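Listed below, chain by chain, are the residues.
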Number of protein chains: 2
Amino acid sequence: MHPSRTIAIIGTLDTKAEELGFLKCVVEARGHRAVMVDLSVRGDHGGADITRQEVAARGGGGVDELIAAGDRGAALDRMSSGAVALMRDLLDQGRIDGAVAIGGGSGSAVASAPLRALPFGFPKVLVSTKGAGDVSAFVGTRDIAVLFSVTDVMGLNPILRRVLRNAANAVCGMAEGAADDVRQADGPVVAITAFGVTTPAAERCRRLLLDVGCQVMVFHASGTGGRAMEELIAAGEIDAVLDLTTTELADELCAGALSAGPTRLEAAGRRGIPQVVVPGALDMVNFGPIGTVPPVLRDRRLHRHNAGTTLMRTTRDENIELGRIVAAKLAGATGPTELVLPLGGISEYGRTGGPFHDPEADRAFFEAVSAAYDGPIVRSSDHINDQPFADLVVARLLALMASIRPAAVAG
Amino acid sequence: MHPSRTIAIIGTLDTKAEELGFLKCVVEARGHRAVMVDLSVRGDHGGADITRQEVAARGGGGVDELIAAGDRGAALDRMSSGAVALMRDLLDQGRIDGAVAIGGGSGSAVASAPLRALPFGFPKVLVSTKGAGDVSAFVGTRDIAVLFSVTDVMGLNPILRRVLRNAANAVCGMAEGAADDVRQADGPVVAITAFGVTTPAAERCRRLLLDVGCQVMVFHASGTGGRAMEELIAAGEIDAVLDLTTTELADELCAGALSAGPTRLEAAGRRGIPQVVVPGALDMVNFGPIGTVPPVLRDRRLHRHNAGTTLMRTTRDENIELGRIVAAKLAGATGPTELVLPLGGISEYGRTGGPFHDPEADRAFFEAVSAAYDGPIVRSSDHINDQPFADLVVARLLALMASIRPAAVAG
């Protein structure tokens, strides 16, 4: 037998008491403990271990008043932030080993918020009526196992029983199998950012870093990927960053689809870990199908990457602005930081003959960032995907890492 | 200890051998057996229990030739259908108790196909680099637990180890906890279709059916919901249908966002189970934000339901066509079938004063379906959400159910 674990069960007891109670039965039948957290905005309900009043109070209170005044949105926000804070309390006190939530059409956002507050690797399951579509609002950057409820969550039925039984058994299985720490001490953890148009560089850098005993995490520069990396850096999970593909900054500047938010490229500097930064794919902004490109941008230099992706070339002026942005972000870095510029081109599409070939626009970035940044800059005449460039950036990163931990890496 | 289970582990050994092997380790460390299914389109790889050649052959073969000819898409299709067929074989032979797959950017579609072939309630987990966005292509209508990989799946790293360990422990936990049959013999299972604008009717019908001992599954008429219901009917999981909200047919006709496909409203008739059909919300077609409404439809009667949903009123001509479509579908039914028409209106928005109030267009549907359908039609002067209407349709459905299973329901 596995030792007994404690599983938080999260949802609204006013509308989902039967389903939440069923989860609890399965968890307890397996020999574990359940902590029922009630997210209901109104009514009093039996069966809660953490009542809606306690959740509301932790969120700042006043939920009943907000409901009475008809501001349901603000009431839900307070329940949501209360649940987030409570879940972190339980976690910090070592009182939970897993969490499972049920969310309906409008409830999935509120019920998933406390799951997103839990660390990477912590067992977390969301049963959602919206689990077969776009789950980005519920998952965020986290490893939440999302299980589509198939039927609406309106009373138990033979299918929903199976789904809920699976959800409860999944979170129990994860909690039973969790080691205290699976991070293995076999080398520093280096993050690399990659995109289709910088993959050759990323792949070679990864290989070189593995060869000298590093552990490598590759993040797809898709907005979510960059955000996840920044969060993991902030959480102390990453020892050094080879930020080869900073393209998400262009999406942030130009309202593209794959922005990683305004704080991208800041966590490593704040944390003080070594970073080598390259303007990979800053020559493009991502949009969805051509119809999703804002009309005001339709006359721009566009490239149909495939049916679902339209790319837009950044202009000379945008690149000047991006140069200033990169310089400003790196100026705040507290750890060893170097900027490495591939003067021969910053993406596969930017090569001679490629759809985004525009050396003048590229040069505008290089000049702007050079003028604005006071820190060390290394210039290479190579293209970003040329093999010597990968060798160069890895050598630079290993040098920075050695400068703070001389014995950690055999460069 | 739980009895030993067998878990299928699915993915491409050419690119993900290390990660798939890690899943296998966790499954085996838990005392279970792993069956490794290789979806690679090329190369020979150790470690497969079902090799890529076996998968390809089950898909019709010729994968190597397709790859040599440069048709990677067709090769992937054959691997995908081979994996689907093999998974069904393993299931039919009672040789697997759960399945876990890993999919990357392009591999998630192929790796998830064999999971979608498994029944509702069967333990199935997908680890995907695309698990934080739109998962509809991977989940389809199924209860697949989708776990975002956080980092790219390019070699193990401390975060990916935790995610994969959780995925393996989740599927093991589900397989350990699976009963042979959780369908409980406490009453016939009735499906109801609902939408926001028919919720009052659906809620009352549900209550009435529960009161007489039925088990009720409510399906949100969101495309996925209707498709899931049709699949569950075909699989024999549902005993009778109260198809209160056939709105998905309007989306199918008018290229709306929530079509359930061309075969909606056919499974119950094919299976021969009792059905009562109501044209709920056939007065509207769903679109996303206003910008997603096709330009050719911009001059139509539109209603902004919220920021993410724009509704379009169906016209008189469309309703005539919908009447023919409903009649044709019901004409093929092999079981007891009745059409019930709420002459007072078919959605909350269609009431007097509502944004879609248009009695003439409604009447066009009623007349067209009446002219084209030879089977029994019941007409009520009520609005669909009036309480007597719910009482009427439930009484009709119970009568149909009693006509084939006189003792099953105490109506």
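What you see is a predicted model; the values in this text were computed from it and never measured.

About the cut-offs
Residues numbered from 1 in each chain as written. Chains lettered and ligands numbered in written order. Predicted model: local features only at pLDDT ≥ 70, side-chain atom pairs only at ≥ 80, totals over all residues. Heavy atoms only, no water. Helix = DSSP H or I, 4+ residues; strand = E, 2+ residues; numbered from the N terminus. Buried < 20%, exposed > 50% of the residue type's maximum accessible area, 1.4 Å probe, protein only. Contact = heavy atoms within 4.5 Å. Areas by Shrake-Rupley, 256 points an atom, 1.4 Å probe, with all protein chains shown as cover. Lys, Arg positive; Asp, Glu negative; His and termini not counted. Charge placed at Lys NZ, Arg CZ, Asp CG, Glu CD. Least-squares fit on C-alpha atoms with pLDDT ≥ 70 in both. Expected span 1.5 Å × (residues − 1). Domains from an automatic or database assignment. Buried area = accessible area lost by both parts, 1.4 Å probe. Salt bridge = Lys/Arg side-chain N within 4 Å of Asp/Glu carboxyl O. Polar contact = N/O pair within 3.5 Å; in protein donor to acceptor, adjacent residues only side chain to side chain. Nonpolar A, V, L, I, M, F, W, Y, C, P; charged D, E, K, R; others polar. Core = buried A, V, L, I, M, F, W, Y, C linked by side-chain atoms within 4.5 Å. Pairing = 2+ DSSP bridges. Axes fitted to C-alpha atoms, helices over the stretch in contact; angles between N-to-C directions. Phe/Tyr/Trp six-rings, centres within 6.5 Å; stacked < 30°, edge-to-face > 60°.

## Focus on the overall build of chain A
Thinking step 1. The number of helices and strands found in chain A is 14 helices and 14 strands.
Thinking step 2. Each principal axis of the C-alpha distribution contributes one length, and for chain A these read about 70 × 55 × 40 Å.
Thinking step 3. Taking all 411 residues of chain A together, the buried fraction comes to 58%.
Thinking step 4. For chain A, the proportion of contacts with a sequence separation of at least 24, taken over those separated by at least 6, is 70%.
Thinking step 5. Accessible surface, chain A: about 14900 Å² in total, of which carbon and sulfur atoms supply 51%.
Thinking step 6. A distance of 2 Å separates the average location of the 40 positive side-chain charges in chain A from that of its 48 negative side-chain charges.

## Points about the relation of the copies chain A and chain B
Thinking step 1. For the pair chain A and chain B, the superposition axis carries a translation of 0.0 Å, the fit reaches an RMSD of 0.1 Å, and the rotation angle comes to 180°. Taken together, these values place the two copies in the relation of a two-fold axis.
Thinking step 2. Counting the interface residues of chain A, we find that 100% of their copies in chain B are interface residues as well, pointing to one common contact surface.

## Digging into helix α13 (residues 359-372) of chain A
Residue and element names in this part refer to chain A.
Thinking step 1. Here α13 contains 14 residues, and its C-alpha end-to-end distance of 20 Å stays within 8% of the 20 Å for a straight helix at 1.5 Å per residue.
Thinking step 2. Within α13, burial applies to A361, D362, A364, F365, F366, A368 and V369.
Thinking step 3. Next to the buried residues of α13 lie β12 (309-313), α12 (316-331), β13 (337-342) and β14 (377-380).

## Observations regarding the domain arrangement of chain A
Residue and element names in this part refer to chain A.
Thinking step 1. Splitting chain A by domain gives domain 1 (6-177) and domain 2 (189-404).
Thinking step 2. Just the C-alpha atoms count here: the centres of domain 1 and domain 2 sit 37 Å apart.
Thinking step 3. Across the contact, four residues belong to domain 1 and five residues belong to domain 2.
Thinking step 4. Summed over both sides, the interface between domain 1 and domain 2 buries roughly 360 Å², with carbon and sulfur atoms accounting for 66% of that surface.
Thinking step 5. Interface area lost by domain 1 to domain 2 is led by F120, G140 and T141, which between them contribute 93%.
Thinking step 6. At the junction of domain 1 and domain 2, the tally comes to one salt bridge.
Thinking step 7. A salt bridge links E231 to R142; the nearest nitrogen and oxygen atoms lie 2.4 Å apart.
Thinking step 8. The tally of links between domain 1 and domain 2 comes to two residue pairs in polar contact (both at pLDDT 80 or more).
Thinking step 9. Among the residues forming the side of domain 1 that touches domain 2, the class breakdown is one nonpolar, two polar and one charged.

## Concerning the nonpolar core
Thinking step 1. Grouped together as the largest cluster of nonpolar side chains are 158 residues, with contacts concentrated most on I10(A), L23(A), I238(A), I10(B), L23(B) and I238(B).
Thinking step 2. Look past the residues within four positions of I10(B) in its chain and what remains in contact with it is L20(B), V37(B), L39(B), M87(B), A99(B), V100(B), A101(B), I102(B), A111(B), P114(B) and L115(B).

## Brief notes about the sheet that holds β12(A)
Residue and element names in this part refer to chain A.
Thinking step 1. Pairing in this open sheet of three strands is antiparallel, and the strands run β10-β12-β11 from one edge to the other. Each end of this open sheet is capped by a strand with a single partner; those strands are β10 (284-287) and β11 (302-306). The sheet shows a mean angle of 30° between the axes of neighbouring strands, direction not considered.
Thinking step 2. Here β10 runs beside β12; their pairing, made up of four bridges, is antiparallel. Considered in β12, the bridge of V285 is made with M312.

## Overview of the packing of aromatic side chains
Thinking step 1. In total, this model carries four aromatic pairs over all chains according to the counting rule given.
Thinking step 2. When the centroid spacing of 6.1 Å and the interplanar angle of 75° are considered together, the rings of F365(A) and F366(A) count as edge-to-face.
Thinking step 3. What makes F366(A) buried here is its relative accessible area of 7%.
Thinking step 4. Where Y349(B) meets F356(B), the ring centres are 6.3 Å apart and the plane angle is 85°; that geometry is what we call edge-to-face.

## A word on the pattern of salt bridges
Thinking step 1. If you walk through the whole model with that rule in mind, you get 48 salt bridges over all chains.
Thinking step 2. Residue E360(A) is joined to R316(A) by a salt bridge in which the shortest nitrogen-to-oxygen separation is 3.6 Å. Here the residue E360(A) occupies a position in helix α13, and R316(A) occupies one in helix α12, the gap between them amounting to 44 residues.
Thinking step 3. Across the salt bridge formed by D143(B) and K124(B), the nearest N and O atoms sit 2.9 Å from each other. In this pair, D143(B) sits in the loop between α6 (136-139) and β5 (145-148) while K124(B) sits in strand β4 (residues 124-128), placing the two residues 19 residues apart along the sequence. Across the pair, exposure class does not vary: D143(B) and K124(B) are buried alike.
Thinking step 4. The network of salt bridges with shared partners includes R30(A), E176(A), R30(B) and E176(B).

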